[in-house]
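Chains, contacts and geometry: an overview
So you can see what is in the structure, the chains are spelled out below.
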Amino acid sequence: MIFSYLHLALSGKVIQNAFLAQHRPQASHSTRYPSDFCALDTCSMHSFQECRLRLAGTSAKRLNTISRAWISSSKQAYISCNAAQGSSVSSSVKVDFLKLQNGSDIRGVAVAGVEGEPVNLTEPVTEAIAAAFAAWLLNKKKADGWRRLRISVGHDSRISAHKLQNAVTLGMTTAGHDVLQFGLTSTPAMFNSTLTEDEVNHCPADGAIMITASHLPYNRNGLKFFTSDGGLNKADIKDILERASRIYEDSSHGSIQELEQSLKGEVTNVDYMSIYASDLVKAVRKSSGNKEKPLEGLHIVVDAGNGAGGFFVDKVLKPLGAITTGSQFLEPDGMFPNHIPNPEDETAMKAITQAVADNKADLGIIFDTDVDRSAAVDSSGRELNRNRLIALMSAIVLEEHPGTTIVTDSVTSDGLTTFIENKLGGKHHRFKRGYKNVIDEAIRLNTIGEESHLAMETSGHGALKENHWLDDGAYLMVKLLNKLAAARILNPNVGSKVLTDLVEGLEEASVTVDIRLKIDQNHADLKGGSFRDYGEAVLKHLENAISKDENLSKAPKNYEGVRVSGDGGWFLLRLSLHDPVLPLNIEAPSKDDAIKLGLAVLTAVSEFPALDITALNKFLQQ
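Right, let's walk through the structure included here. It should be emphasised that the depicted structure is a prediction, and the values quoted were computed from it without experimental measurement.

**Describing the packing of helix α9 (residues 386–400) against helix α10 (residues 414–423)**
- Relative to each other, α9 and α10 sit at 10 degrees, their axes nearing to 10 Å. By the angle between their axes, α9 is roughly parallel relative to α10. Contacts between α9 and α10 involve N387, I390, A391, S394 and L398 from the former and L416, F419 and I420 from the latter.
- Its residues placed into classes, the contact of α9 with α10 shows 6 nonpolar, 2 polar and no charged.

**Description of the pattern of salt bridges**
- Tallying each qualifying case throughout the model produces 33 salt bridges.
- Its salt-bridge partner being R150, residue E199 comes within 3.4 Å of it at the nearest N-O pair. One end of the pair, E199, is in the loop between α4 (187–192) and β8 (207–211); the other, R150, is in strand β6 (residues 150–155), and 49 residues separate them in sequence.
- R444 is the partner of E441 in a salt bridge, and the nearest nitrogen-oxygen pair spans 2.8 Å. One end of the pair is E441 and the other is R444, both in helix α11 (residues 435–447) and 3 residues apart, which spans about a single turn.
- Judged by relative accessible area, E441 falls into the buried class, the value being 5%.
- Judged by its relative accessible area of 36%, R444 is partly exposed.
- Taken together, the shared-partner salt bridges in this structure form one network comprising E344, D368, R373 and R386.

**Description of the packing of α9 against helix α12 (residues 473–490)**
- Closest axis-to-axis distance for the α9/α12 pair is 11 Å, and the angle between their directions is 60 degrees. Between α9 and α12, the interaxial angle falls into the category oblique. Regarding α9 and α12, the two cross each other, and that crossing is left-handed. From α9, L389, L392, M393, I396, E399 and E400 reach across to α12, where they touch L476, M477, K479, L480 and K483.

**Comments concerning the packing of aromatic side chains**
- The final tally for this structure, using the stated rule, is 10 aromatic pairs.
- Summarising the aromatic geometry, the rings of Y276 and F311 are spaced 6.0 Å apart at their centres and angled 55 degrees between planes, so their arrangement reads as tilted. Residue Y276 is located in helix α6 (residues 272–287), and its partner F311 is located in helix α7 (residues 311–317); the two are separated by 35 residues in the primary sequence.
- Given the relative accessible area of 10%, F311 is considered buried.
- Between the aromatic rings of F311 and F312, the centroid separation amounts to 6.1 Å while the plane-to-plane angle is 85 degrees, which identifies the pairing as edge-to-face.

Cut-offs and rules
- Residues numbered from 1 in each chain as written.
- Predicted model: local features only at pLDDT ≥ 70, side-chain atom pairs only at ≥ 80, totals over all residues.
- Heavy atoms only, no water.
- Axes fitted to C-alpha atoms, helices over the stretch in contact; angles between N-to-C directions.
- Helix = DSSP H or I, 4+ residues; strand = E, 2+ residues; numbered from the N terminus.
- Parallel < 35°, antiparallel > 145°, perpendicular 65-115°, else oblique.
- Contact = heavy atoms within 4.5 Å.
- Nonpolar A, V, L, I, M, F, W, Y, C, P; charged D, E, K, R; others polar.
- Salt bridge = Lys/Arg side-chain N within 4 Å of Asp/Glu carboxyl O.
- Buried < 20%, exposed > 50% of the residue type's maximum accessible area, 1.4 Å probe, protein only.
- Left-handed = near helix turned anticlockwise from the far one by under 90°.
- Phe/Tyr/Trp six-rings, centres within 6.5 Å; stacked < 30°, edge-to-face > 60°.

Below, the structure written as structure tokens:
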């Protein structure tokens, strides 16, 4: 049991507030209990009916309850008994909420200890964000006045997970909404909880919050939000953060009237991962003609990177009959002691490749921290990630939906385009970086009559139309298992070669380069302007320079940055979605060809002194 306390210095009285959290034993069914958050009474404070009016856009006449008891910073100290994370925090600290936005996610520093990275994702900040999400969701549902919401909350293995889960729960229940606590879970499962029809386990949820920061270091954490329509977009996140900022600001003025006990939300523990995993198992069995153990005899090892993906062994592979000995790093550990849980990371991929070799396994599977990304390794040690994984998924999807359009991010290879269009008979639509950008573009294409069934980033994010356009790393691996299970009906001895055969003919560059050119925002050359304007000027200059070079040609269709082909390869220089950085990707058949492409970039960008070209020079001088 984890306890949180609100200390209120009124009449010399301390009111204890306790609620059950992650370490409550979970039964096979859900457990429901009322929240016991303290009610606080002060005077001469802003009305929270007025606060709700401003936040949710609801008429004051319809409001018959209050949104949240926010306590004056001079009267509040919020203390978490999570010993490793506990700290006293105050809502009087000025917070720039919009700096917590990371595209369609929220991310911040949740744990102190890293020099130069002060904590900005505190419990009061998280409470305000949770309350703002509820107000946003009420507004989205166009609720006639206030109504009780049911929000599912889960987290990955990060060491700050419990305190943020408690903060989210506190923000929701004291606003009168019910919380379904899933504990350790995956991001895809959180979205699914808004679709699952299971009243016994209180699903579907009106909305879901996942506490995660993907593969970022241990001191970071964040929030992802879902409704039954999918993940939120950038505009939604900005709206929520602006609402949260106003709530947080009001909290520094103090709380108002006492909350009625009957208005407080309830907290229910739900073992949702078992529900989610059982659906994955059913999908694989269906592909094999409803065979109970379609993977029997196959040796599959999993590397969960000490994140949330360990469930895949016991809840998915073992029920399907697979041998799983040699699976590693399944235990949740938010310090990530073995390797970064990231399918793009070289060390992580070496770890799962070694596990496949050591155990003579048929297949290796690796997940990122919150299981929305994945990759695989075949029995020969060949990595199936980045362009190869997109090619493999494209082959599977195009068998099911001939001629469909495959949407990818901007850094995929020319060889992938040739493979999808010439060998598979599909269409490759290369779009912007950012998994939400790629998914939204695939959805858009379908709305205008261009059929698309797969949207994938080279990072391992992959979403399918059949799976509600959710980027689900576990579901991607299930698609591979489906292929294996179906093939074993015809040949019980078939192994992962059936998968690698699908990507035969994919042309891959011998040299791949990824360089980040940073923009010095303090450099005089910016002349007080934004790094984004400066970066766009660099790209425009490069585009003009390329047009004068007969050996280089700009891509005819390009949605991000400047993509150029030449010398047997290509390069892409683009502006980062969030940071003052111009990432440069180069692919070429040889080192000499890659250097020629790099020199073309260097010649153009050298005229911009605020751009740090050290990394590019280092590559060219190797």
